[in-house]
Amino acid sequence: MRATILQAITILAVVNTAAAQENRRAAADTLRRDPQQAVQPAQSAQVVYGDPINYAAVREQLARASRPTLLQRAADRLRRPLISASPSDNFDISGTAGIGYTQETGVAVAAAATALFSTGGNDSLTPPSSSTLAASVSVTGFYRFRSTGNIVFPRGRGRLTWDLDLASLPMRFWGLGYEAADSNPYTRYTHKGQRATTRYTMRVAGPFHAGISLDVRHAEAAGLDAAGERYLAAQRQPHRALSTGIGITAEVDTRDNPVRATNGIYLALLAEIRPRALGDCTSTLWHITATADWYHPLWRDAVIAADLYADLWSSATPWLFWPSVGGTSRLRGYYTGRYTDRKMVSAQVELRQRIYGPIGVCIWGGAANVCASHKLFDWSEILPNCGLGMRLALGERTSLRIDYGFGRRSNGLVINVNEAF
């Protein structure tokens with residue numbers, strides 16, 4: 001009897017254990033049951049499963065969402081150089097092409113190739129050297145071919161730079177001096193010029209460099225009409241001029257980036273003599289240029305930049321070498337060659353602000369004066385200038401610059417590369 005009772009108790013325990021396991025499995029499947037069946041478990045024990053995940057469709061949706069837009073692809077293409085080759089760690093070559101515009105040249109197509117190399121091997125103390133070959137042409141008859149270079153010797157102890165320039169530019173001609181530019185009607189001529197410049201500087205202490213320079217330049221006024229011929233004859237000015245200058249130069253450069261500076265200063269002084277025997281000028285000439293640039297960060301992605309510049313020639317200098325306001329760097333918006341004289345001084349301040357990604361804007365204001373002598377400087381003849389522009393970074397070393405400048409009786413659009421100073 002006792003054995004029978006023990007067997008019955010054992011059978012009941014096994015049944016209870018099985019029932020408990022079945023209840024746990026039913027509870028685990030509750031999340032996968034049909035909602036109607038989940039609230040009425042007694043009616044049906046059928047389990048309904050959801051659709052399996054289509055991982056291929058998910059991957060396709062993610063790839064479509066991460067695909068760059070047309071604008072993003074265009075901006076990425078502009079940032080990349082037209083050609084690029086890097087056969088070694090110490091040599092790199094790249095090329096770019098684009099369109100520029102000024103009042104003088106009209107729409108111009110330009111292309112350039114730049115080579116970067118190092119004279120110090122893998123020495124990190126030697127800054128990179130560079131060489132650039134550029135060409136530009138326009139439908140107005142303008143053309144320009146230019147080769148520039150900067151060889152930095154090991155550890156930056158010395159620098160050898162050169163600038164070879166060949167250009168032809170159809171221009172308007174109002175006359176010489178401030179009064180002629182304000183009152184005379186203009187005629188036309190073609191300014192043809194060739195220039196070869198080389199400089200060698202050595203580091204004296206810290207950022208201070210000093211050295212010597214050689215500059216040979218030739219200029220010619222071609223295609224003058226009868227009015228232009230009579231005017232030059234009355235002013236006793238030649239149609240062409242050749243001159244060679246031998247000079248000394250000094251520089252102080254603490255900029256963090258020579259192309260797109262955000263902090264530091266740049267000071268440069270060039271003083272040269274141009275002997276009569278080394279050209280066709282009627283007397284020995286002298287020439288001085290001075291530059292003082294300052295850069296300082298303000299708030300986030302904002303930089304203020306200031307530029308002071310002076311270009312001074314002796315009184316016997318032929319008019320073809322005289323400085324003038326306007327162009328792509330100083331007093332943008334003025335027509336180059338309208339206000340011209342033996343001496344020019346200018347000042348400008350520019351605020352640069354990056355807006356989003358590679359896009360930035362700038363505003364600037366400035367003034368300049370041209371005169372025959374410092375004794376004839378007249379405050380009433382100050383030429384004001386202001387403007388605004390947009391920037392588009394095309395890479396680490398290049399940016400597209402679109403500026404519109406306003407001046408006295410003159411305004412104009414400038415499309416160029418890199419900052420004005």
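Keep in mind it's a predicted model, so treat the numbers as computed, not measured.

**Quick notes on the overall build of the protein chain**
Stage number 1. Within the protein chain one finds six helices and 17 strands.
Stage number 2. Looking at the protein chain as a whole, 33% of its 421 residues are labelled buried.
Stage number 3. Counting contacts in the protein chain only where the partners sit at least 6 residues apart, residues at least 24 apart contribute 53% of the total.

**Quick look at the pairing of strand β8 (residues 208–222)**
Stage number 1. Where strand β7 (residues 187–205) and β8 come together, 15 bridges link them in antiparallel fashion. Residue pairing in the sheet places R195 in a bridge with R217 of β8.
Stage number 2. Following β7, the chain reverses through two residues before pairing antiparallel with β8; G206 in that reversal takes a positive phi of roughly 55 degrees.

**Let's talk about a nonpolar patch on the surface**
Stage number 1. Taken together, the side chains of I99, V107, V109, V137, Y143, F145 and L166 present a nonpolar region at the surface, about 610 Å² in accessible area.
Stage number 2. Looking at the nonpolar patch, the elements that each hand over two or more residues are β3 (106–117) and β5 (143–152).
Stage number 3. Relative to the helices and strands, V109 resides in strand β3.

**What to know about the packing of aromatic side chains**
Stage number 1. Evaluated as defined, the whole model comprises 14 aromatic pairs.
Stage number 2. Seen in terms of ring centroids, Y189 and W319 are 5.7 Å apart; in terms of plane orientation they differ by 65 degrees. Their pairing is edge-to-face. You can see Y189 sitting in strand β7 and its partner W319 sitting in the loop between β12 (302–313) and β13 (343–356), a full 130 residues away along the chain.
Stage number 3. Its relative accessible area of 6% is what places Y189 among the buried residues.
Stage number 4. These aromatic residues form a ring-pair network of at least three members: F173, Y189, Y231 and W319.
Stage number 5. Here the basic side chain of R172 rests over the ring of Y186, its NZ or CZ set 5.1 Å away from the ring centre.
Stage number 6. Between the NZ or CZ atom of R352 and the centre of the ring of F421, over which it lies, the distance is 5.0 Å.

**Structural notes on the nonpolar core**
Stage number 1. Counting 19 residues, the largest nonpolar core has F173, Y189, A221, W319 and L320 as the members making the most contacts within it.
Stage number 2. For this core, the elements supplying multiple residues, two or more each, are β6 (158–173) and β8.
Stage number 3. Here this core gets three residues from one element, more than from any other, and that element is β6.
Stage number 4. In this structure A221 touches Y189, T190, H239, W319 and L320, once residues within four positions along its chain are discounted.
Stage number 5. Core analysis: the second largest hydrophobic core is formed by 11 residues, A181, Y334, A368 and V370 among them.

**Considering the environment of T284**
Stage number 1. By secondary structure assignment, the location of T284 is in the loop between β10 (264–274) and β11 (285–297).
Stage number 2. Separated by 39 residues in the primary sequence, T284 and G245 place their C-alpha atoms 9.9 Å from one another.
Stage number 3. Setting aside anything within four residues of it in sequence, one finds T284 in contact with I273, R274, P275 and R276.
Stage number 4. Polar side-chain contacts of T284 include one of 3.2 Å to the backbone nitrogen of R276.

**Side note on helix α6 (residues 226–235)**
Stage number 1. By the N-cap criterion, in which a side-chain oxygen at the helix start approaches the backbone nitrogen of a residue two or three places on, α6 is capped by D225, the distance to A227 being 3.3 Å.
Stage number 2. The first or second residue beyond α6 is R236, which carries a positive phi of 55 degrees.

**Digging into the pairing of β7**
Stage number 1. Note: β6 against β7, 16 bridges, orientation antiparallel. Bridge pairing in β7 links P170 to T190.

**A look at unusual backbone geometry**
Stage number 1. Residue R236 is not a glycine yet carries a positive backbone phi of 55 degrees.
Stage number 2. Topologically, R236 is positioned in the loop between α6 and β9 (240–253).

**Brief notes about the side chain of Q348**
Stage number 1. In this fold, Q348 is placed in strand β13.
Stage number 2. From its side chain, Q348 meets the backbone oxygen of S329 in a polar contact 3.3 Å long.
Stage number 3. Ignoring sequence-local partners within four residues, the contact set of Q348 consists of A305, A306, D307, S329, R330, L331, R332, G365, G366 and F421.

**Description of the side chain of S410**
Stage number 1. Along the chain, S410 falls in strand β17 (residues 410–417).
Stage number 2. Take S410: its relative accessible area is 9%, and that puts it in the buried class.
Stage number 3. Among the polar contacts made by the side chain of S410, one reaches the main-chain amide nitrogen of Y335 at a distance of 3.5 Å.

**Some details on the pattern of salt bridges**
Stage number 1. Applying the stated criterion across every chain, the model contains 21 salt bridges.
Stage number 2. One salt bridge in this structure joins D163 and R146, with 2.6 Å as the shortest N-O distance. Of the two residues, D163 sits in strand β6 while R146 sits in strand β5, which places them 17 residues apart along the sequence.
Stage number 3. Using a relative accessible area of 33% as the deciding quantity, one classes R146 as partly exposed.
Stage number 4. The partner of R352 in a salt bridge is E350, and the shortest N-O contact between them spans 2.7 Å. Assigned by exposure class, R352 and E350 land together as buried.
Stage number 5. Connected via shared salt-bridge partners are R332, E350, R352, R391, R401, D403 and E419.

Definitions and limits used
Residues numbered from 1 in each chain as written. Predicted model: local features only at pLDDT ≥ 70, side-chain atom pairs only at ≥ 80, totals over all residues. Heavy atoms only, no water. Helix = DSSP H or I, 4+ residues; strand = E, 2+ residues; numbered from the N terminus. Buried < 20%, exposed > 50% of the residue type's maximum accessible area, 1.4 Å probe, protein only. Contact = heavy atoms within 4.5 Å. Pairing = 2+ DSSP bridges. Patch = residues over 30% accessible without salt bridge, like charges linked within 9 Å, V, L, I, M, F, W, Y side chains within 5 Å. Areas by Shrake-Rupley, 256 points an atom, 1.4 Å probe, with all protein chains shown as cover. Salt bridge = Lys/Arg side-chain N within 4 Å of Asp/Glu carboxyl O. Phe/Tyr/Trp six-rings, centres within 6.5 Å; stacked < 30°, edge-to-face > 60°. Lys NZ or Arg CZ within 6 Å of the ring centre and 35° of its normal. Core = buried A, V, L, I, M, F, W, Y, C linked by side-chain atoms within 4.5 Å. Polar contact = N/O pair within 3.5 Å; in protein donor to acceptor, adjacent residues only side chain to side chain.

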